Amino acid sequence: MSLVVAIDGPAGSGKGTVTKIIANKKNLQYIDTGAMYRCIALKMLEENVGLEDTEKIRNILNDIEIDLEGSNVFLNNRDVTKQIRTVEVSNFTSPVSAIGFVREKMVELQRALAKGKDVIMEGRDIGTIVFPNADVKIYLDAKPEERARRRVEQNEKNGIASNYEQILKDIIERDTRDMTRENSPLKKADDAILVDTTSLTIDEVIDKIINIIENKMKE
Ligand code: DC
């Protein structure tokens, strides 16, 4: 029997960092669904495809091959790990991910990626839509100011220039759009466990979640 751990929450809640570490510690396959939406947005930007250009978006989706190898992301065999993290791609991914048929395709790919495997999948709709029957559902959250601070720190590490005020503004805008969109808005599943990471260290968050997973595995 395979195990599915769903980790949802807004940008900067700590999802990415803790999910990767837990995947290693618990030997689960790490699936970053945000990276998949980012790939579509990157391809659209590169090919000058607008949000209204339904036919071209459908063509992109038909030809798309996304491979997630650890934290490296390959789009049609090209390593795009860095390119998908720019501010431009981040901001464009939000409206792209609000398109219903884009989501349908991504959900289909995500379910296929997890088939028969023990996975930990992070995103916005994993516990609500992709795997409503996930074995473990966690909803990570943190105050917007703290999330912006973390994003600045992360960007600095990756050599990406960033500005706190602008990032905070982008985060709030993106949250609002992700939470109010018609198709699969970001929200905590009723049966998800809420973990507020504002004043927790990464290690504390990891311990908390690993405890939850281990208790579940004992059942
Ligand atoms: O987690 P992230 O910042 O890499 O996500 C990028 C964008 O993709 C963000 O605007 C929300 C969207 N997204 C989504 O709608 N559903 C998911 N399962 C994952 C990400």
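Our subject in this report is the structure included herewith. No experiment lies behind these values; they were computed from the predicted model shown.

Rules and cut-offs
Residues numbered from 1 in each chain as written. Predicted model: local features only at pLDDT ≥ 70, side-chain atom pairs only at ≥ 80, totals over all residues. Heavy atoms only, no water. Pairing = 2+ DSSP bridges. Helix = DSSP H or I, 4+ residues; strand = E, 2+ residues; numbered from the N terminus. Contact = heavy atoms within 4.5 Å. Axes fitted to C-alpha atoms, helices over the stretch in contact; angles between N-to-C directions. Near = heavy atom within 4 Å. Polar contact = N/O pair within 3.5 Å; in protein donor to acceptor, adjacent residues only side chain to side chain. Nonpolar A, V, L, I, M, F, W, Y, C, P; charged D, E, K, R; others polar. Core = buried A, V, L, I, M, F, W, Y, C linked by side-chain atoms within 4.5 Å. Buried < 20%, exposed > 50% of the residue type's maximum accessible area, 1.4 Å probe, protein only. Phe/Tyr/Trp six-rings, centres within 6.5 Å; stacked < 30°, edge-to-face > 60°. Lys NZ or Arg CZ within 6 Å of the ring centre and 35° of its normal. Parallel < 35°, antiparallel > 145°, perpendicular 65-115°, else oblique. Left-handed = near helix turned anticlockwise from the far one by under 90°.

Let's talk about the sheet that holds strand E5 (residues 78-79)
Two pairing modes exist for strands in a sheet, parallel and antiparallel, and in both the strands are linked by backbone hydrogen bonds.
Inference 1: The strand order E3-E4-E5 describes an open sheet built from three strands, whose pairing is antiparallel. The open sheet terminates on both sides in strands that have one partner only, identified here as strand E3 (66-69) and E5.
Inference 2: In the sheet, E3 pairs with strand E4 (residues 72-75) via four bridges, with the strands oriented antiparallel. Bridge pairing links Leu-68 to Val-73 in E4.
Inference 3: Contacts between helix H2 (residues 33-46) and the sheet are confined to E3, E4 and E5, with E4 contributing the most and set at about 45° to the helix.

Examining the site of the ligand
Inference 1: Taken together, 16 residues lie around the ligand, and Arg-38, Arg-103, Arg-124, Asp-125 and Arg-181 are the ones closest in.
Inference 2: In the model, an oxygen atom of the ligand is placed 2.8 Å from a nitrogen or oxygen of the Arg-103 side chain.
Inference 3: The separation between a nitrogen atom of the ligand and a polar side-chain atom of Asp-125 is 2.8 Å.
Inference 4: Taken together, the elements giving at least two residues each to the shell around the ligand come down to H2, helix H4 (87-96) and helix H8 (164-180).
Inference 5: Per element, the largest residue contribution to the shell around the ligand is four residues, and it comes from H2.
Inference 6: When its residues are assigned to classes, the shell around the ligand shows one nonpolar, six polar and nine charged.

Focus: the sheet that holds strand E8 (residues 193-196)
Inference 1: With respect to topology, five strands assemble into an open sheet ordered E2-E6-E1-E7-E8, the strand pairing being parallel. The open sheet terminates on both sides in strands that have one partner only, identified here as strand E2 (29-32) and E8. Taken pair by pair, the neighbouring strands of this sheet meet at an average axis angle of 20°, ignoring direction.
Inference 2: Taken together, the four bridges between E2 and strand E6 (residues 119-123) define a ladder with parallel strand orientation. Of the residues in E6, the one forming a bridge with Asp-32 is Glu-122.
Inference 3: Together, strand E1 (4-8), strand E7 (136-141) and E8 form the strand contacts of helix H9 (residues 202-218), whose direction differs from that of E7 by roughly 165°.

Digging into the nonpolar core
Inference 1: In terms of nonpolar packing, the biggest core is built from 37 residues, with Met-44, Ile-57, Val-102 and Phe-131 touching the most fellow members.
Inference 2: The element contributing the most residues to this core is H2, with eight residues.
Inference 3: The contacts of Ile-57, once residues within four sequence positions are left out, are Met-44, Val-49, Gly-50, Leu-51, Ile-99, Phe-101 and Val-102.
Inference 4: Residues Leu-3, Leu-28, Val-136 and Leu-140 belong to the second largest nonpolar core, which totals 19 residues.

Things to note about the packing of aromatic side chains
Inference 1: Taken as a whole, this structure holds zero aromatic pairs when the rule is applied.
Inference 2: A cation over an aromatic ring shows up here: Arg-58 above the ring of Phe-101, its NZ or CZ 4.0 Å from the ring centre.

Observations concerning the packing of helix H7 (residues 144-157) against H8
Inference 1: At a minimum axis separation of 9 Å, H7 and H8 run at an interaxial angle of 120°. Here H8 runs oblique to H7, going by the angle between their axes. Relative to H8, the crossing made by H7 is right-handed. Touching Pro-144, Glu-145, Arg-147, Ala-148, Arg-149, Arg-151, Val-152 and Asn-155 of H7 are Tyr-164, Ile-167, Leu-168, Ile-171, Ile-172, Arg-174 and Asp-175, all from H8.

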